[in-house]
Each structure stands twice: as C-alpha cells, then as structure tokens.
Amino acid sequence: MEFSKSFLDHKVTKSSPSPALCCVETVPKDDEQNSHITAFNSGEGSSNSGNESSSSTTVRDVHISMRLMEDFLDLAKENTEKDLETCGILGAFLEKGTLYMTTLIIPKQESASNSCNATNEEEVFTILNERSLYPVGWIHTHPSQSCFMSSVDLHTQYSYQAMIPEAFAIVLAPTDTSKSCGLFRITEPDGMNILKNCPERGFHPHKEPDNGSPVYEHCSNVYKNSNLRFEIFDLR
C-alpha cells in the first residue's frame, strides 16, 4: 500500500452514528519535507530508571501527530477539571515496516481520579477492524498525578504489548510541571516476564528485574510526523 496523499490533506468531516473528526497539522512546504519527521523526545528514562532503553526486542518505528495528543487533552478537559481520568485507544496502519498512528478512539468509559475503564470495547474493535488498523497504543490522563505508569497501567500495557510488541502507552499529566507527557513501554524480556507472572490486581508494587533493569522505559521508536492526518472517534 502506498502512502496515500489523502493522509496529508487538511480535511474535517463527521460520520454517523459515531462522531469523527479528521485533522492535520500544517503541511510543510516542499523545501521542508525532510524536517517534518522528528524523534519524539519524551524524557530521560522512566520514573524507575534513568538508563537508556534496555529492551532487546527490535520494534518497528511508529509515527504520530503531536496534534492528536493536544486534541485528546481538549476532549478530556471536562473530566480533567473534575479530577477524572480519560482514556483512548490508538489505531495505526502498517506501511513498508512503519506504523502510522491515524485513529484515536475514545470509548464509553467509567472514570475515577486514578483509573479509567472502557465499557464498549466491541465498538472500538469494530472501528479498528473496518479500517484494518493495529491497536498499537493507548492514551490516558493523570489529571492530578505525576507522569508515570502505575501498576494498573502496567497491567493494561502488558495486554497490548503481548499482542503487538510496538504497543505503547501515552500518559498526559497536565499538572506535572516537570514532565507533562510520557510515552512508555514495558521492557523486554525482563519487565514483560514480571507482568506475565504477576497475579495481583489493583494497585500494588512490582519487584525490580534481577539484572537491575527497569520494569518500564521511555519509547525510542516513536517519531513526530507533522504531515500525518488522523481521525478522532468520541463514542462517549
């Protein structure tokens, strides 16, 4: 499949029954085409460690629009002001070994100040399947907490990453003055083995891997692509 020009057009549409919004950041001029893709600088290591990526598994690159995260924050604003989390699922299509994040789905959900659960996952997967997209990530807010992965977040991330190695979690913490955005994944194989063998649910501590590596880390394979159009389906 060729990278269609339609993914670079500025377009706003709505579909029924679920509202969809198609957006794109400003398309660069011809002489700027080489600079519209940049590495996502998400920090200097996870809250568990300041080391560089320790995963041994080679994962494919993922492209994402920064505007997608900005728009998600706008849609989550009402919940955030009430100290309630908001979550969404990210869909991507695969082309020539690269995953392009083009769809944000905000499902019906039950929210609290430190948790958020989707209640209509079948609708989410219908949208993904109709567009032949991979559920390669998820996004959620920490309205009054810092930017990190809780034990509950890690178990959610494990379910995604066990299916798709490239899957990652975006955490948006608007009140965290030191780091308001983080892109995280569980380390492989150490962190994944710990989560796989953990029978606990709810909030609980996880032991560190025996070799001293972190349970999770910042992503090093995600790139900001300012040409990438995306759809938003708000099913709430």
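It should be noted that the structure appears before, not after, this text.
Residue numbers run consecutively from 1 along every chain, following the written order of its sequence. Only residues with pLDDT of at least 70 get local features here, since the model is predicted, and only at 80 or more are side-chain atom pairs given and counted; chain-wide, interface and lining totals rely on the full set of residues. To obtain the side-chain values, all non-hydrogen atoms of the structure were used and water was disregarded.

1. Description of the packing of aromatic side chains
Each aromatic pair joins two rings of Phe, Tyr and Trp (for Trp, the six-membered one) with centres within 6.5 Å, and gets the label stacked for planes under 30 degrees apart, edge-to-face for over 60, and tilted for any other angle. For the structure shown, the criterion picks out three aromatic pairs. Measuring from ring centre to ring centre gives 6.2 Å for Trp-138 and Tyr-160, while their planes differ by 5 degrees; the resulting arrangement is stacked. With Trp-138 in strand S8 (residues 134-141) and Tyr-160 in helix H3 (residues 151-163), the pair connects residues that are 22 residues apart, well separated along the chain. Burial classes: relative accessible area under 20% of the type maximum marks a residue as buried, over 50% as exposed, and values in between as partly exposed (1.4 Å probe, protein chains only). Tyr-160 sits in the buried class, given a relative accessible area of 13%. Measuring from ring centre to ring centre gives 5.3 Å for Phe-184 and Tyr-216, while their planes differ by 90 degrees; the resulting arrangement is edge-to-face. With Phe-184 in strand S10 (residues 181-186) and Tyr-216 in strand S11 (residues 216-218), this residue pair connects regions lying 32 residues apart in the sequence. Here Phe-184 matches Tyr-216 in class, with each residue buried. Helix numbers and strand numbers start at the N terminus; a helix is a DSSP run of H or I with at least 4 residues, a strand a run of E with at least 2.

2. Notes on the pattern of salt bridges
Salt bridges are identified by distance alone: a Lys or Arg side-chain nitrogen within 4 Å of an Asp or Glu carboxyl oxygen. Tallying each qualifying case throughout the model produces nine salt bridges. Of the charged contacts in the structure, one is a salt bridge between Glu-231 and Arg-131, with a shortest N-O distance of 3.3 Å. Here the residue Glu-231 occupies a position in strand S13 (residues 230-234), and Arg-131 occupies one in the loop between helix H2 (121-130) and S8, the gap between them amounting to 100 residues. Sharing partners across several salt bridges, the network here consists of Glu-130, Arg-131 and Glu-231.

3. With respect to helix H1 (residues 66-81)
Its 16 residues give H1 an end-to-end C-alpha distance of 22 Å, which sits within 8% of 22 Å, the value for a rise of 1.5 Å per residue. When H1 is considered as a whole, its buried residues turn out to be Leu-68, Met-69, Asp-71, Phe-72, Ala-76, Asn-79 and Thr-80. The positive-phi residue at the C-terminal boundary of H1 is Asp-83, with phi of around 60 degrees. Helices are assigned an expected span. That span is 1.5 Å times one less than the residue count.

4. A few points about H2
Residues of H2 that are buried include every one of Val-124, Ile-127 and Leu-128, and no others. The buried side chains of H2 occupy one side of the element, clustering within an arc of 100 degrees when seen end-on. Across H2 from its buried face, at more than 90 degrees, point the exposed residues Glu-122, Asn-129 and Glu-130. Where H2 ends, the next residue or the one after it, Ser-132, has phi of about 55 degrees, a positive value. Of all possible arcs, the one meant is that of the directions from the helix axis to the C-beta atoms.

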